[in-house]
Amino acid sequence: MFKIRFYRPEDIDQVQRLNRVFLPEHYPPYFFDENFRRFPKAFIVAEGPNKTLVGYVMCRVERGFTRGGMFNMGHILSIAVDKGFRRMGIGTSLMLEAEKNLVNEYKADFIYLEVRVSNKPAINLYKKLGYEFLGVMPSYYHDGEDGYLMYKITSARTSKNDVKALLGDRIK
Ligand code: COA
């Protein structure tokens, strides 16, 4: 029905289309290129009928230092599934593949993301995958909407206090 695979540079037009049509936050091509160049195994697409792309997730890994040491923070930057293909498990499959590679390939200690407080479908997806709320980021989006910062711990050495120490200054 759909195939999950790594992003390839020739996918850029289709991924940009999905980004423009289905998300209010748009990125220039170099942002996609740069994340692919640095973290190719954390940029995943879903192929639908006739190999058309029907979804993508793009991530990166950031490094953070706190009292507990150095941490690798997986960051889900952008995810979208074509409207005609939702509620079929594609979002879940994209997230699971990205998470697996963030942890196994890039040694993410935890994974975090931002989501609009009004975005019930995405919040439900993340909760179902085990993400928890760290807090609210007031007026995080360009139109003034608040965002939730959500996280999921993926290594035994990491605690919620570590996540708070690293990202707590972003929330209210
Ligand atoms: N209402 C409520 N919960 C929903 C939902 C909806 N419309 N769509 C998905 N969910 C939740 C459900 O818990 C669902 O599990 P269930 O179907 O067993 O109830 C779970 O998410 C997994 O759904 P799945 O089919 O894997 O997700 P999807 O392929 O439909 O993709 C999004 C989910 C969020 C990626 C998709 O709705 C989307 O592209 N939205 C627009 C872009 C966007 O908002 N991206 C996130 C920005 S942070």
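Visitor: I tried to follow helix 4 (residues 120–128) on my own but got confused; where do I start?
Guide: In an α-helix, one turn spans 3.6 residues, which is why side chains three or four residues apart end up on the same side. Along helix 4, the positions that sit buried rather than exposed are A122, I123, L125 and Y126. One side of helix 4 carries all its buried residues, which in axial view fall inside an arc of 160 degrees. Seen from the buried face of helix 4, the exposed residues on the opposite side, beyond 90 degrees, are K120, P121 and K128. On its buried face, helix 4 sits against strand 4 (69–81), helix 3 (90–104), strand 5 (110–116), strand 6 (132–137) and strand 7 (147–153).

Visitor: How should I be thinking about the side chain of E99 in this particular structure?
Guide: Tracing the sequence through the fold places E99 in helix 3. Once you skip the residues sitting within four places of it in the chain, E99 turns out to touch I111, L129, Y131 and K152.

Visitor: I keep staring at the packing of aromatic side chains and nothing clicks. Help me out?
Guide: The description of an aromatic ring pair uses the distance of the two centres, along with the angle that the planes make with each other. In this structure the tally under the stated criterion is 11 aromatic pairs. Taken together, a centroid distance of 5.4 Å and an interplanar angle of 90 degrees make the contact between F39 and Y106 edge-to-face. Placement of F39 in the loop between helix 2 (29–38) and strand 2 (43–47) and of Y106 in the loop between helix 3 and strand 5 is noted, with a sequence separation of 67 residues between them. Owing to a relative accessible area of 17%, Y106 belongs among the buried residues under this scheme. Plain terms: the ring middles of F133 and Y148 are 4.5 Å apart, the flat faces sit at 50 degrees to each other, and that makes the pair tilted. Of this pair, F133 sits in strand 6 while Y148 sits in strand 7, and the two are 15 residues apart along the sequence. Chaining the aromatic ring pairs together yields one cluster made of Y7, Y27, F31, F32, F36, F43 and Y56.

Here is what the cut-offs are and how they apply
Residues numbered from 1 in each chain as written. Predicted model: local features only at pLDDT ≥ 70, side-chain atom pairs only at ≥ 80, totals over all residues. Heavy atoms only, no water. Buried < 20%, exposed > 50% of the residue type's maximum accessible area, 1.4 Å probe, protein only. Helix = DSSP H or I, 4+ residues; strand = E, 2+ residues; numbered from the N terminus. Arc of directions from axis to C-beta. Contact = heavy atoms within 4.5 Å. Phe/Tyr/Trp six-rings, centres within 6.5 Å; stacked < 30°, edge-to-face > 60°.

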